[in-house]
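The primary structure of each chain is shown beneath.
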Amino acid sequence: MPYVKKPDPPYVKMTRLLKGYGLNGTKLAGLLGVSQPTGSKRLERPELLTLGDLDRINRFGHIPIEELREAIQR
């Protein structure tokens, strides 16, 4: 029987991008000015990020906005 690869979960590109830039839950929480559990939750579920959060990640995390836009699209 052939192996069928499961599709990637939604927003996996965004999670990979943030982790690729060395962000974990604690660092993301520091960038966003939220508690550590909230930062971890937003890292694991990027659909919870707001436009303000993305702006702060761009400005203070030094992640280009073009990469963020590309990762957030499916």
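Residues numbered from 1 in each chain as written. Predicted model: local features only at pLDDT ≥ 70, side-chain atom pairs only at ≥ 80, totals over all residues. Heavy atoms only, no water.

> Help me understand the overall build of the protein chain, please; the structure alone is not making it clear to me.
Along the protein chain, the regular secondary structure elements total five helices and zero strands. When its helices and strands are written in sequence order, the protein chain yields α-α-α-α-α. In terms of its C-alpha atoms, the protein chain occupies a principal-axis envelope of roughly 50 × 25 × 20 Å. Expressed as a percentage of the 74 residues in the protein chain, the buried residues total 30%. Accessible surface computed for the protein chain: about 5300 Å², of which carbon and sulfur atoms make up 56%. In the protein chain, the 13 positive side-chain charges and the 8 negative ones have mean positions that sit 5 Å from each other. (Helix = DSSP H or I, 4+ residues; strand = E, 2+ residues; numbered from the N terminus. Buried < 20%, exposed > 50% of the residue type's maximum accessible area, 1.4 Å probe, protein only. Areas by Shrake-Rupley, 256 points an atom, 1.4 Å probe, with all protein chains shown as cover. Lys, Arg positive; Asp, Glu negative; His and termini not counted. Charge placed at Lys NZ, Arg CZ, Asp CG, Glu CD.)

> For this particular structure, what's the right way to read the nonpolar core?
One broad trend across soluble globular proteins is that nonpolar side chains are buried collectively. Ranked by size, the top nonpolar core spans 14 residues in total, and within it Met14, Leu18, Leu49, Ile57 and Ile63 carry the most contacts. At the level of elements, helix 1 (12-20), helix 2 (25-32), helix 4 (51-61) and helix 5 (65-72) are the ones that each hand at least two residues to this core. Discounting residues that sit within four places of it in the chain, isoleucine 63 has contacts with Leu17, Leu18, Tyr21, Leu23, Ile57, Asn58 and Leu68. (Core = buried A, V, L, I, M, F, W, Y, C linked by side-chain atoms within 4.5 Å. Contact = heavy atoms within 4.5 Å.)

> Help me out: how do you make sense of the pattern of salt bridges in this one?
In a structure, side chains of opposite charge can pair up when their charged atoms sit close to one another. Per the stated rule, a full pass over the model turns up five salt bridges. Glutamate 44 serves as the salt-bridge partner of lysine 19, at 3.3 Å between the closest nitrogen and oxygen. With lysine 19 in helix 1 and glutamate 44 in helix 3 (residues 36-44), this residue pair connects regions lying 25 residues apart in the sequence. Classification of lysine 19 as partly exposed rests on a relative accessible area of 43%. (Salt bridge = Lys/Arg side-chain N within 4 Å of Asp/Glu carboxyl O.)

Note that every value here comes from positions in space, so none of it alone points to a role or purpose.
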